[in-house]
Amino acid sequence: MSTMAAGLAEFVVIANRLPVDRFIAPDGTVTWRTSPGGLVTALEPVMRRKGGAWIGWHGAPDEKLKPFEHDGLHLVPVPLSAQEVEEYYEGFSNGTLWPLYHDVIAPPEFHREWWDSYVQVNQRFAEKAARVARRGAVVWVQDYQLQLVPTMLRELRPDLRIGFFLHIPFPPRELFQQLPWRRQILEGLTGADLVGFQLPGAAQNFVRLVRERVGHKTHRGLIYLPDGRSVKASAYPISIDAHGFEQLARTPGVDARAKEIRESLGSPKHVLLGIDRLDYTKGLRQRLRAFGEIIRDGSIDVDDSVFVQVATPSRERVDQYRLLRDDIDRLVGRINGDVGRIGQQPITYLHASYPREEMAALYRAADVMVVTPLRDGMNLVAKEYVACRYDDNGALVLSEFAGAAAELRQAYRVNPYDINGMKAALLEAITADPRENSRRMKAMRKHVVDHDIDHWATAFLDDLTAPSEPHDKKMRPPGGS
Ligand code: GDG
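Residues numbered from 1 in each chain as written. Predicted model: local features only at pLDDT ≥ 70, side-chain atom pairs only at ≥ 80, totals over all residues. Heavy atoms only, no water.

Digging into the packing of helix H10 (residues 252–264) against helix H13 (residues 356–365)
Put simply, the test is: Axes, fitted as lines to C-alpha atoms, cover a helix only where it is in contact. Angles between the N-to-C directions of the axes lie from 0 to 180 degrees. Secondary structure counts use DSSP, requiring at least four H or I residues in a row for a helix and at least two E residues in a row for a strand, with both numbered from the N terminus. Put simply, angles under 35 degrees are roughly parallel, angles over 145 are roughly antiparallel, angles from 65 to 115 are roughly perpendicular, and the rest are oblique. Throughout, a crossing is termed right-handed when the near helix is turned clockwise from the far one, and left-handed when it is turned anticlockwise from it by less than a right angle. Whether two residues touch is decided by their heavy atoms; if any such pair falls within 4.5 Å, the residues are in contact. Amino acid classes used here: Ala, Val, Leu, Ile, Met, Phe, Trp, Tyr, Cys and Pro are nonpolar; Asp, Glu, Lys and Arg are charged; the rest, including Gly, are polar.
Across the interface, H10 lies against H13 with an axial gap of 8 Å and an inter-helix angle of 60 degrees. The angle between the axes of H10 and H13 places the two elements in the oblique class. H13 is crossed by H10, and the crossing has right-handed handedness. The residues of H13 that touch H10, namely those facing Val254, Arg257, Ala258, Ile261 and Arg262, are Glu357, Glu358, Ala360, Ala361, Leu362, Arg364 and Ala365. Each residue belonging to the contact of H10 with H13 can be placed in one class, and the counts come to seven nonpolar, no polar and five charged.

Description of helix H4 (residues 112–132)
Convention followed: One fewer than the residue count of a helix, multiplied by 1.5 Å, yields its expected span. Exposure is judged per residue with a 1.4 Å probe applied to protein chains only, and the accessible area is read against the type maximum: over 50% gives exposed, under 20% gives buried, and values in between give partly exposed.
Over its 21 residues, H4 extends 31 Å from the first C-alpha to the last, a length consistent with the 30 Å expected when each residue adds 1.5 Å. Listed as buried for H4 are Trp114, Trp115, Ser117, Tyr118, Val121, Asn122, Phe125, Ala126, Ala129, Ala130 and Val132.

Some details on the site of the ligand
Let me state the cut-off plainly: Here a residue is considered near a molecule or strand provided that any single heavy atom belonging to it is located within 4 Å of it. Two N or O atoms count as a polar contact when they lie within 3.5 Å, although within protein this holds only if one can serve as hydrogen donor and the other as acceptor, and sequence-adjacent residues are included solely when both atoms are side-chain atoms. All accessibility values rest on the Shrake-Rupley procedure with a 1.4 Å probe; residue burial counts only the protein chains present in the view. The split into domains, and so the bounds of each, comes from an automatic or database assignment of domains.
Every one of the 20 residues lining the ligand counts as a neighbour, but His167, Tyr354, Asp376, Leu380 and Glu384 are closest to it. Between the ligand and Met378 there is a distance of 2.8 Å, counted from an oxygen atom to a backbone nitrogen or oxygen. Considered on its own, the ligand offers 730 Å² of accessible surface; in the complex 81% of this is hidden by protein. Every element with two or more residues in the shell around the ligand is listed here: H13 and helix H14 (380–388). Per-class residue counts for the shell around the ligand are nine nonpolar, six polar and five charged. Counting residues domain by domain, the shell around the ligand receives three or more from each of domain 1 (2–238 + 458–465) and domain 2 (242–451).

Some words on the nonpolar core
Here is the rule we go by: Among buried residues, the Ala, Val, Leu, Ile, Met, Phe, Trp, Tyr and Cys ones that are joined through side-chain atoms within 4.5 Å form a nonpolar core.
Ile14, Leu153, Phe170 and Phe206 are the most contacted members of the largest nonpolar core, which has 98 residues in total. The leading source of residues in this core is H4, at nine residues. Built from parts of two domains, this core gets at least three residues from each of domain 1 (2–238 + 458–465) and domain 2 (242–451). For Phe170, the residues in contact, after removing those within four places along its chain, are Tyr101, Gln147, Phe176, Leu186, Leu189, Phe197, Ala202, Asn205, Phe206 and Leu209.

Focus: the domain arrangement of the protein
Quick note on the threshold: Defined in terms of a 1.4 Å probe, buried area is the accessible area two parts forfeit on being brought together, summed over both.
Domain boundaries in the protein define domain 1 (2–238 + 458–465) and domain 2 (242–451). Here domain 1 and domain 2 have C-alpha centroids that lie 31 Å from each other. Each partner contributes residues to the interface: domain 1 has 18 residues there, and domain 2 has 21 residues. For the pair domain 1 and domain 2, the summed buried surface comes to about 1,600 Å²; carbon and sulfur atoms form 60% of the total.

Some words on the sheet that holds strand E9 (residues 194–197)
What counts, and what does not: We call two strands paired when DSSP finds no fewer than two bridges between them.
Spatially, the ten strands line up as an open sheet ordered E5-E6-E4-E1-E7-E8-E9-E12-E11-E10, and their pairing is mixed. Two strands close off the open sheet at either side, each with one partner strand: strand E5 (68–70) and strand E10 (217–219). Averaged over all neighbouring strand pairs, the angle between strand axes comes to 25 degrees, with direction disregarded. As judged from the three bridges shared by strand E8 (residues 161–165) and E9, these two strands associate in the parallel manner. Each residue of the ladder has a partner; that of Phe164, found in E9, is Val195. Strands strand E1 (9–17), strand E7 (133–142), E8, E9 and strand E12 (230–235) of the sheet are contacted by helix H17 (residues 453–465), whose axis makes an angle of about 135 degrees with E7.

Dropping the structure here:
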């Protein structure tokens, strides 16, 4: 931590949120807890080794906090006012960019005040990073809330090596072009030396848009800027701490809890599971309808099968999320009312969030994991399920619109818009020969173990820190295509 003692970090992560949550005890004592998540797990060792700092909002509006140490991490809080939370975060990030980048499943809203706030908050993050980073430091900016930071930061600190990773999809031009501030976003991102996406298609969408909208020359995944700098755009599919999940799944406590869960569900033959943030991109409605219909059709018996759907509360102050909650409440009620029997509810719906141990126990308890987003950057739940199936049992039903589908090729693949197709895939997964499921699971587990979160972080950071020649020394692309 010697570098931080001097107040300057060699490695800086910038994300909308700090990786901690605050708890205030009844006696007023304040404690911080590291929020469990792959990103912290992956970056913690690098942060420790390099004397790193993490810059982000701490989660409470209208409050300024000094930088502090927690669990060996140097945390630098960025304040947000209540109005900025409403305009920059709930507004532009989650009411404009989120739906626009997810196939406009919900209509994005465009408001000029939201954009102004987005610019102002991105500038604040960039200024904070400019003060915290040591000369020549590596700075890694995370996600859609901070797309202007790379260029803003480069203007303040041209000596830095700047990387950006987008956790959500990057849309095709037909959709992206709706954005009134499309050019500013593209220019914001090209401030980075490396722009990472979940899938190659997203990197291609980005490069093409930069060529068409900003007018820079490009060649494959490279963008050539007029100042001689080049920007690389490439795919780095994110993953999970596979080893950590497997270890957790193997603990006797989790094993016992998994058995208990099955018993409390009435020891059915088949337990199906969905775990998602309650979000309109996750395809909850489509999957519940498909399940309700296979019971109604008599393809499976209500006494044999239970669907457990965990919907973690999310973005509850954004209108579309409130409406979604009511919508799903009604649908679950209708299906349970239509096809349930006394003491036999086909859907167990839980609007709550759970500790990691309980998540692992649910993964262990489920015969079929149902992951059916309408659009998803990656989907870590699918990978977590696979990592927890150390006995190679269980089946994964996976939407082809999740980034994870590119890697988990042995899953039962579905188009979530095709309810009949989804019914068929659910039935296939439920009734498959266990040896077939085991063959599929083994292959998927190998993939997740070999491509874990460390693999992801190392691949990105290696590329970010690899020396790049200025492009005037390189072969110019023929005709600048
Ligand atoms: C975005 C992109 C991309 C959920 N409920 C509980 C809980 N979780 C954890 C899961 C998983 C994570 O939250 C959710 O990750 P996903 O990838 O499934 O989805 P998003 O939140 O939409 O994440 C996505 C991801 O960023 C990473 O780049 O994959 O495409 O949309 O880890 O386990 N964890 C606990 N209790 C819960 O109730 N402890």
